[in-house]
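Okay, here's what each chain looks like letter by letter:
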Amino acid sequence: MGCCSSSEKKRDWKPLEEHSCTDIPWLIVFILFCVGMACICGFAIATGAASRIIYGYDSYGNTCGHKNDQIDGVRLSGRDMAENKYVFFLDPCNLDLINRKIKSIALCVSKCPATELKTYSDIKQFALNNGSHLCSYEIYPTKYTGHSERTTKCPKLPVLPSKPLPLFRRCVPLEVGCYAEFAQGFVAFVSDNSVLSRVISGVMSSKEIIMGLCLLALVLSLIMMVVIRYISRVLVWILTILVIIGSIGGTAVLWWLYVDHRKALDNKTLSVFGKEVAGDNVKALLVFAIGATIFTVVLLIVMFILRKRVALTIALFHVAGKVFIHLPLLVLQPVWTFLSLMLFWVYWIAVLLFLGTSGTPVKSNTTDLVEYEMQGPLQYMVWYHAVGLIWISEFILAFQQMTIAGAVVTYYFTRNKSQMPAVPIVSSMARTTRYHLGTLAKGSFIITLVKIPRLILTYIHSQLKGKENACARCMLKTCVCCLWCLEKCLAYLNQNAYAATAINSTSFCTSARDALLILVENALRVTAINTVGDFVLFLGKVLIVSCTAFAGVLALNYQRDYTVWVLPLLIVCLFAFLVAHCFLSVFENVVDVLFLCFAIDSKYNDGSPGREYYMDKSLMEFVENSKKLGNYKPDDGDGRELKPMARGGTLA
């Protein structure tokens, strides 16, 4: 399980020739961790937490709708609540915002009051007619009107009409004004019918338009992927020219302003104070102009160095478009990942709620009220559960990256595309599940090790806001930024490590080492792809959102049933950005994997007989043009050889 241990000094690259299980010890650790997560869920259910969450329980430890056992020291516990299925709060508006719970006494009742009860006589009559006792269990309905403790053990008047929640059987007041004490701002907005009614009517009246615009965003995302492939050359060079013109023009303007202010400073009509101000402006403009000049010179030098690498980015975009034509199911990969994450997050939240009501009943020191608390080592299960949220979520995302990498690698290293599997993306998923789950577990765990302290430090930094210790806040902010940068670098390295594993079926650390060496050897190319490529994709996202918003303005402008359609437009723009991000992020992943395959192919092959290239025709043209210009020097490697895929080998 050592991270960088390797028993082999020299290894042949054999893309898709043979497959073997990788990082088996880490798979065992991950399985044991998941078993621990399941045990936590089982513990919460076994201790009755699940039934207490769904059915609810009163302030004396009785689960509503069930027969209950007596709790030592709690006089009103152990009651038969089979007929009382709903939880009723005596004062539902008495909330504890700090602990996020209702401070009111809770009772199990057989029916929630459907009408407003204004007096204790109304509460008494409701109990006699419906058999639902809204006062504490020791008070009989006939004594509701004259009992000495009716103000504390009976509902606060007036009792607002309520109805039980569809799944969780709690009586919830129908009047939103009940919560004005803790949400005055929200209630003030809700009570402004002139604004709220227009916004709601805007959404409801434009629901067909919203759905149509969301479909338009989906179509535009697909079109953008095709457009980037076919006009990437023009698009990239236009952006490059605009950046050059902008930097040179900005620098020239700054120098012109400096000269102009310098001439104004020599004007003898200025006062002493005016000359001081003009002198400060001249100095500031001189600093800005010098800084802009240095920036422009460095930018031009970098772009001059990278000018020949931009062609590789364009070629990779072109090949990525072909990949999506041959592997159309790549487009749906984010959908499956999203559904998997949603199912896991729903499970995680449900178990977290179970843990919140699990444990042993604890009686209050001053009253007979009961709360369920986890004591001793069991309270650390919440932390274990929180780590599971991050690790398993990262594992699901890593599975998507490995699946995409496996499908792209299959496409790249298959000379005859007709010999590819019928559904390469499904074959890649099956191969990942069979051989490489241990590698995913290890890679996702490394990200988790960085993300957890970053989240902890972010929380501490947020708690220190407004405190006097500015130095501590600055140090924490610096640590958070460093950990964020480290997390992004590790995520990029992990993605390339997964691609290397998909190519050669090696362990995570071996794959990460080999991928890192390849990336370092092609540092300038990587820089060009990550700058030019990411910028082009970002512009693609902006263009999709802009086109969708423009279409939305035109479509909503013809709606005369309402005057406010800002909210529908915001909903459409948000959905358009999410769709564009999902599609173009997959496109970006495909480009990164293609580059790693290209770098390995060009490093260990030279196009000679027996060492033919695997690369696409457009990439071949890039290599040939580079050779003609004398800028391409194939690396003979260190004695290792990229062996061709076995003719009879399986691609699945």
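Residues numbered from 1 in each chain as written. Predicted model: local features only at pLDDT ≥ 70, side-chain atom pairs only at ≥ 80, totals over all residues. Heavy atoms only, no water.

1. Here we look at the overall build of the protein
Okay, step 1: A tally of helices and strands in the protein yields 17 helices and eight strands.
Okay, step 2: Put simply, the protein has 652 residues, and 42% of those count as buried.
Okay, step 3: Within the protein, counting contacts between residues at least 6 apart in sequence, those at least 24 apart form 72% of the total.
Okay, step 4: Accessible area for the protein stands at about 34400 Å²; split by element, carbon and sulfur atoms hold 66% of it. (Helix = DSSP H or I, 4+ residues; strand = E, 2+ residues; numbered from the N terminus. Buried < 20%, exposed > 50% of the residue type's maximum accessible area, 1.4 Å probe, protein only. Contact = heavy atoms within 4.5 Å. Areas by Shrake-Rupley, 256 points an atom, 1.4 Å probe, with all protein chains shown as cover.)

2. Remarks on the side chain of Thr403
Okay, step 1: Tracing the backbone shows Thr403 in helix H10 (residues 381–412).
Okay, step 2: A polar contact of 2.7 Å, which involves the side chain of Thr403, links it to the backbone oxygen of Phe399.
Okay, step 3: Look past the residues within four positions of Thr403 in its chain and what remains in contact with it is Gln333, Ile425, Ser428, Met429 and Thr432. (Polar contact = N/O pair within 3.5 Å; in protein donor to acceptor, adjacent residues only side chain to side chain.)

3. Remarks on the pattern of salt bridges
Okay, step 1: On inspection of all chains with the given rule, the structure shows four salt bridges.
Okay, step 2: Between Lys153 and Glu138 there is a salt bridge, with the nearest N and O atoms lying 2.6 Å from each other. Of the two residues, Lys153 sits in helix H4 (residues 150–153) while Glu138 sits in the loop between helix H3 (120–130) and H4, which places them 15 residues apart along the sequence.
Okay, step 3: Glu138 gets classed as partly exposed once you look at its relative accessible area, which sits at 27%.
Okay, step 4: Connected through shared salt-bridge partners, Glu138, Glu149 and Lys153 make up one network. (Salt bridge = Lys/Arg side-chain N within 4 Å of Asp/Glu carboxyl O.)

4. A word on the side chain of Arg170
Okay, step 1: Within the secondary structure layout, Arg170 lies in the loop between strand E5 (162–164) and strand E6 (171–173).
Okay, step 2: Relative accessible area serves as the criterion here: at 18%, Arg170 is assigned to the buried category.
Okay, step 3: Ignoring any residue separated from it by four or fewer positions in sequence, one finds Arg170 in contact with Arg52, Ile53, Ile54, Tyr55, Gly56, Val87, Phe89, Lys163, Pro164 and Leu165.

5. Some details on H3
In an α-helix, one full turn covers 3.6 residues, which means residues spaced three or four apart are oriented alike.
Okay, step 1: By the burial criterion, the buried members of H3 are Tyr120, Ile123, Phe126 and Ala127. In a view along the axis of H3, the buried residues occupy a sector of 115°, so they form one face of it.
Okay, step 2: Those residues of H3 that are buried lie in contact with H4.
Okay, step 3: At the exit of H3 stands Gly131, carrying a positive phi of roughly 70°. (Arc of directions from axis to C-beta.)

6. Some remarks on the packing of aromatic side chains
Okay, step 1: Per the stated rule, a full pass over the model turns up 12 aromatic pairs.
Okay, step 2: Centroid distance Phe30 to Phe395: 4.4 Å. Interplanar angle 20°. Geometry classified as stacked. Here Phe30, found in helix H1 (residues 24–46), pairs with Phe395, found in helix H10; they are 365 residues apart in sequence, far enough to count as distant. You'll find Phe30 and Phe395 in the same group, each marked buried.
Okay, step 3: The residue whose ring lies beneath Arg150 is Tyr120, and the NZ or CZ to ring-centre distance is 5.5 Å. (Phe/Tyr/Trp six-rings, centres within 6.5 Å; stacked < 30°, edge-to-face > 60°. Lys NZ or Arg CZ within 6 Å of the ring centre and 35° of its normal.)

7. Quick look at unusual backbone geometry
Okay, step 1: Along the chain, Leu157 connects to Pro158 via a cis peptide bond; the corresponding omega equals -10°.
Okay, step 2: Non-glycine residue Asp23 carries a positive phi angle of around 55°.
Okay, step 3: As for its position among the elements, Asp23 is in the segment before H1.
Okay, step 4: Overall, the relative accessible area of 11% leaves Asp23 in the buried class.
Okay, step 5: In this structure, Ser505 is a non-glycine residue whose phi angle is positive, near 55°.

8. A short note on the nonpolar core
Okay, step 1: Of all hydrophobic cores here, the largest spans 77 residues; its most connected members are Val323, Leu330, Tyr412, Phe587, Val590, Leu594 and Leu619.
Okay, step 2: Broken down by element, this core gets its largest block of residues, 17 residues, from helix H16 (residues 566–604).
Okay, step 3: When neighbours within four sequence positions are excluded, Phe587 is seen to be in contact with Met225, Ile228, Phe317, Ala320, Gly321, Phe324 and Leu537.
Okay, step 4: Membership of the second largest hydrophobic core comes to 31 residues, among which are Tyr60, Ala106, Tyr144 and Val370. (Core = buried A, V, L, I, M, F, W, Y, C linked by side-chain atoms within 4.5 Å.)

9. Examining the packing of H1 against helix H9 (residues 333–356)
Okay, step 1: The geometry of H1 relative to H9 is characterised by a closest axis approach of 9 Å and an angle of 45° between their N-to-C directions. Our classification of the angle between H1 and H9 gives oblique. Crossing angle aside, the handedness with which H1 passes H9 is left-handed. Facing H1, whose interface residues are Met37, Ala38, Ile40, Cys41, Ala44 and Ile45, H9 presents Tyr347, Trp348, Val351, Phe354 and Leu355. (Axes fitted to C-alpha atoms, helices over the stretch in contact; angles between N-to-C directions. Parallel < 35°, antiparallel > 145°, perpendicular 65-115°, else oblique. Left-handed = near helix turned anticlockwise from the far one by under 90°.)

10. A look at a nonpolar patch on the surface
Okay, step 1: On the surface, a cluster of nonpolar side chains totalling about 850 Å² of accessible area is made up of Leu329, Leu332, Val335, Trp336, Phe338, Leu339, Met342, Trp345, Val423 and Val426.
Okay, step 2: Tallying contributions element by element places H9 first for the nonpolar patch, with six residues.
Okay, step 3: Within the secondary structure, Trp336 is located in helix H9. (Patch = residues over 30% accessible without salt bridge, like charges linked within 9 Å, V, L, I, M, F, W, Y side chains within 5 Å.)

11. A few points about the environment of Val219
Okay, step 1: Inspection of the secondary structure assignment puts Val219 in helix H7 (residues 207–265).
Okay, step 2: It is 9.6 Å that separates the C-alpha atoms of Val219 and Ile544, two residues lying 325 residues apart in sequence.

12. Topic: the packing of H9 against H10
Okay, step 1: Two numbers describe how H9 lies on H10: the axes approach to 10 Å, and their chain directions differ by 170°. When the interaxial angle is binned, H9 and H10 end up roughly antiparallel.
Okay, step 2: Classifying every residue of the contact of H9 with H10 by side-chain character gives 16 nonpolar, eight polar and no charged. (Nonpolar A, V, L, I, M, F, W, Y, C, P; charged D, E, K, R; others polar.)

13. A word on the confidence of the model for the protein
Okay, step 1: Averaged over all residues, the pLDDT of the protein equals 75, while 73% of them reach at least 70.
Okay, step 2: At the level of individual helices and strands, the protein shows its lowest average pLDDT in helix H5 (residues 184–191), which scores 37, and its highest in H1, which scores 90.
Okay, step 3: Note on residues 96–100: pLDDT is under 50 here. Beyond four places in sequence and across chains, it has three contacts.
Okay, step 4: The low-confidence segment residues 180–200 (pLDDT under 50) makes 14 contacts with residues lying over four places distant or belonging to another chain. (pLDDT = per-residue confidence, 0-100.)

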